[in-house]
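Each chain, letter by letter, is given below.
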Amino acid sequence: MSTPAAVVIGASAGALEALSAILPALPASFALPVFVVIHLPHNRKSILAEIFSAKCRLPVREAEDKEPVVGGTIYFAPPDYHLLVETNYSLALSSDEPVRYSRPSIDVLFESAADTYGPSLIAIVLTGANPDGADGLRKVGEAGGTMIVQNPAEALAPEMPRAAWAACPAARSLPLAGIAALLLGV
Amino acid sequence: MTDKLEDIEIRLLLEALFSRYHYDFRRYAMASIKRRLQLARDDLGFETYSALQAALLHDPAVLPRLLGYLTVQVSEMFRDPSYFRAIREQVIPHLRTYPSLRVWVAGCSEGEELYSLVILFREEGLEDRTLFYATDISQNALAKAEAGLFSLERLQLFTENHRKSGGKSSLSDYYSAAYGRAVFDKSLREHVVFADHSLVTDAVFAEMHLISCRNVMIYFDRDLQNRAIGLFKDSLARKGFLGLGAKENLRFSEHSGAFIDFSREEKIYQRWAK
């Protein structure tokens, strides 16, 4: 396996609880950028960055279009925009149509990150009640990246990790504690 | 690092599109372009971007089909209602002081933003003294905008947005329903000029009091953004207004000194005298 260079995480229903078991566990020395897509109601100001800033030791921000990726930073996709990673390691937002009814879409983030980071990407599909993320996770696998799904039995909403696992049988299924431990080990 | 084969193919395809047809996507933000091209390649049934490129060069009929993917843009009427509320409550009082007005909806796509502004100006009693320019690079999008047809399913959202934006009338006053579509009243287009215009390759064409260009420049790279903002700067009358998308701003532009923040929250800027 290549040395990991970035982490992407997708979550929907139950996202706050699940992420609260992972992101605050990351130490201030964590060197990789972490990109997160959570499905949100439209037209609502996101308070995710604020919520997690208070809980995390890493800087947490809402992603800005064209900003250079900085390691050890947690980026949330803003509501109503897709978040992508450009191959020159900068962020891009797009107003393209929703994918599987979602904007931001986990698939869109994962596919662009797979293109940029290839085998150095760790992709994680957490709890959720829809199949977003399954296609994206498959692209991550095709590019040689590490595929992880939250153990569906443990997930608040099992459909999303289950769909991702079905699409990517080679993905590892881990409980939240195991995912946090894996990230601490990189 | 050497480029991946697909990245080389995409670069060549965009070069071909420009050399042959003068549509210039070469300085667009690549991640989104790549996604759209991938969709186009798969839907149009080509194995590779190179095969798509060959077809594009030799068969002009491929052009509109490819452009359909590259220029597709979905918006909503009164998208981000707070933006339209800010236009209504903060910008309109300034615009009222002019005897005649010109408004430019740059990158109007299928017209959602244009109709929103025309309706807002009518509600505020300014439509009769205003000329609206609606421009886009896509002939197809312009034709749709000019037709003023929207799927009825979308009207519930549009109506809700309009209400939240401080709308003074009912959106249903402006359209009639037929065959699952909302047909917007042609009187809304009496003060509108639809025109083919590219922010990438074309120049200033009139002096404007308000330019609304939302979620268009987000697809440009920094150089291209600078060019477009320069166009807006040169097009705006002194103290004219520029409205951008919720996640766009002038912070990194070389022209930022020519504008002041008018509504920081809603990304509305005002042209400042030199």
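A quick note: this is a predicted structure, and the numbers were derived from the prediction, not measured.

A. Structural view of the overall build of chain B. Summing up its helical and strand segments, chain B has nine helices and 10 strands in all. Relative to the compact-globule value of 19 Å for 274 residues, chain B shows a C-alpha radius of gyration of 19 Å, a close match. The C-alpha extent of chain B, read off along each of the three principal axes, is 55 × 50 × 30 Å. The buried share of chain B, reckoned over its 274 residues, is 55%. Relative to all contacts within chain B whose residues are 6 or more apart in sequence, the contacts with residues 24 or more apart total 76%. Put simply, chain B shows about 12300 Å² of open surface, and 51% of that area lies on carbon and sulfur atoms. Chain B carries 37 positive and 38 negative side-chain charges, and their two centres are separated by 4 Å.

B. Examining the environment of I10(B) more closely. Residues and elements named next belong to chain B. Note on placement: I10 falls in helix α1 (residues 5-21). Judged by its relative accessible area of 2%, I10 is buried. For the pair I10 and V103, spaced 93 residues apart in sequence, the C-alpha separation works out to 36 Å. The contact partners of I10, leaving out residues within four places of it in the chain, are M30, K34, L37 and Y49.

C. Region of the structure containing the pairing of strand β2 (residues 34-38) of chain A. Residue and element names in this part refer to chain A. With five of five residues buried, β2 lies mostly within the body of the structure. Sheet analysis places strand β1 (residues 6-11) next to β2, joined by five bridges and oriented parallel. Pairing of V7 across the sheet is with V34, part of β2. Taken together, the three bridges between β2 and strand β4 (residues 74-76) define a ladder with parallel strand orientation. When the sheet's bridge partners are listed, V36 is paired in β4 with F76.

D. Examining the side chain of E86(A) more closely. Positionally, E86(A) belongs in the loop between β5 (82-85) and β6 (91-94). Of the side chains with opposite charge, K66(A) lies nearest to the buried E86(A), which makes no salt bridge, at 6.3 Å.

E. The arrangement of the interface of chain A and chain B in detail. Contact with chain A, which involves 25 residues of that partner, is made by 29 residues of chain B. The junction of chain A with chain B conceals about 2200 Å² of combined surface from both sides, 38% of it contributed by carbon and sulfur atoms. On the surface where chain A and chain B come into contact, there are seven salt bridges. Residue E62(A) pairs with K247(B) through a salt bridge whose shortest N-O separation is 2.8 Å.

F. Up close: the packing of helix α3 (residues 106-117) of chain A against helix α4 (residues 134-142) of chain A. Residues and elements named next belong to chain A. Look at α3 against α4: their axes get within 7 Å of each other, and the N-to-C directions meet at 10°. Looking at the two axes, α3 sits roughly parallel to α4. Contacts between α3 and α4 involve D107, F110, E111 and A114 on the former and, on the latter, A134, D135, G136, L137, K139 and V140. Along the lines of polarity and charge, the residues of the contact of α3 with α4 split into five nonpolar, one polar and four charged.

G. Structural context of a nonpolar patch on the surface. A cluster of nonpolar side chains, L5(B), I8(B) and L12(B), forms an exposed patch at the surface whose accessible area comes to about 280 Å². Inspection of the secondary structure puts L5(B) in helix α1.

H. Fine view of the domain arrangement of chain B. All names here are of chain B. Assigned domains of chain B: these are domain 1 (5-70) and domain 2 (81-271). Each of domain 1 and domain 2 was reduced to a C-alpha centroid, and the two centroids are 29 Å apart. Across the boundary between the two partners, domain 1 contributes eight residues, which contact nine residues of domain 2. Summed over the three residues of domain 1 that lose the most area to domain 2, namely Y23, R27 and Y28, the buried surface amounts to 58% of that side. Counting every contact that joins domain 1 to domain 2 gives zero salt bridges. Where domain 1 packs against domain 2, one counts two residue pairs in polar contact (both at pLDDT 80 or more). Considering only residue class, the side of domain 1 that touches domain 2 consists of four nonpolar, one polar and three charged.

I. Quick peek at the packing of aromatic side chains. Under the criterion given, the structure shown has 18 aromatic pairs over all chains. Taken together, a centroid distance of 5.2 Å and an interplanar angle of 90° make the contact between Y83(B) and F84(B) edge-to-face. With centroids separated by 6.0 Å and ring planes inclined at 80°, the aromatic side chains of F150(B) and F158(B) adopt a geometry described as edge-to-face. Pair check on accessibility: F150(B) and F158(B) agree, each one buried. An aromatic cluster is built from Y115(B), F150(B), F158(B), Y175(B) and F184(B), whose rings are joined through pairwise contacts. We note K55(A) situated over the ring of F52(A); from NZ or CZ to the ring centre the distance is 5.4 Å. Seen from the ring of Y81(A), R79(B) lies directly overhead, with NZ or CZ sitting 5.5 Å from the centre.

J. Focus on helix α4 (residues 62-70) of chain B. Residue and element names in this part refer to chain B. By the burial criterion, the buried members of α4 are V62, L63, L66, L67 and L70. Along the axis of α4, the buried residues cluster in a sector spanning 125°; they form a single face. Exposed side of α4, more than 90 degrees from the buried face: P64 and R65 are the residues found there.

K. Inspection of the environment of P41(A) at higher detail. Looking at the secondary structure, you find P41(A) in the loop between β2 and α2 (48-55). Judged by its relative accessible area of 41%, P41(A) is partly exposed.

Conventions used here
Residues numbered from 1 in each chain as written. Chains lettered and ligands numbered in written order. Predicted model: local features only at pLDDT ≥ 70, side-chain atom pairs only at ≥ 80, totals over all residues. Heavy atoms only, no water. Helix = DSSP H or I, 4+ residues; strand = E, 2+ residues; numbered from the N terminus. Rg over C-alpha atoms; globule rule 2.2 N^0.38 Å. Buried < 20%, exposed > 50% of the residue type's maximum accessible area, 1.4 Å probe, protein only. Contact = heavy atoms within 4.5 Å. Areas by Shrake-Rupley, 256 points an atom, 1.4 Å probe, with all protein chains shown as cover. Lys, Arg positive; Asp, Glu negative; His and termini not counted. Charge placed at Lys NZ, Arg CZ, Asp CG, Glu CD. Pairing = 2+ DSSP bridges. Salt bridge = Lys/Arg side-chain N within 4 Å of Asp/Glu carboxyl O. Buried area = accessible area lost by both parts, 1.4 Å probe. Axes fitted to C-alpha atoms, helices over the stretch in contact; angles between N-to-C directions. Parallel < 35°, antiparallel > 145°, perpendicular 65-115°, else oblique. Nonpolar A, V, L, I, M, F, W, Y, C, P; charged D, E, K, R; others polar. Patch = residues over 30% accessible without salt bridge, like charges linked within 9 Å, V, L, I, M, F, W, Y side chains within 5 Å. Domains from an automatic or database assignment. Polar contact = N/O pair within 3.5 Å; in protein donor to acceptor, adjacent residues only side chain to side chain. Phe/Tyr/Trp six-rings, centres within 6.5 Å; stacked < 30°, edge-to-face > 60°. Lys NZ or Arg CZ within 6 Å of the ring centre and 35° of its normal. Arc of directions from axis to C-beta.

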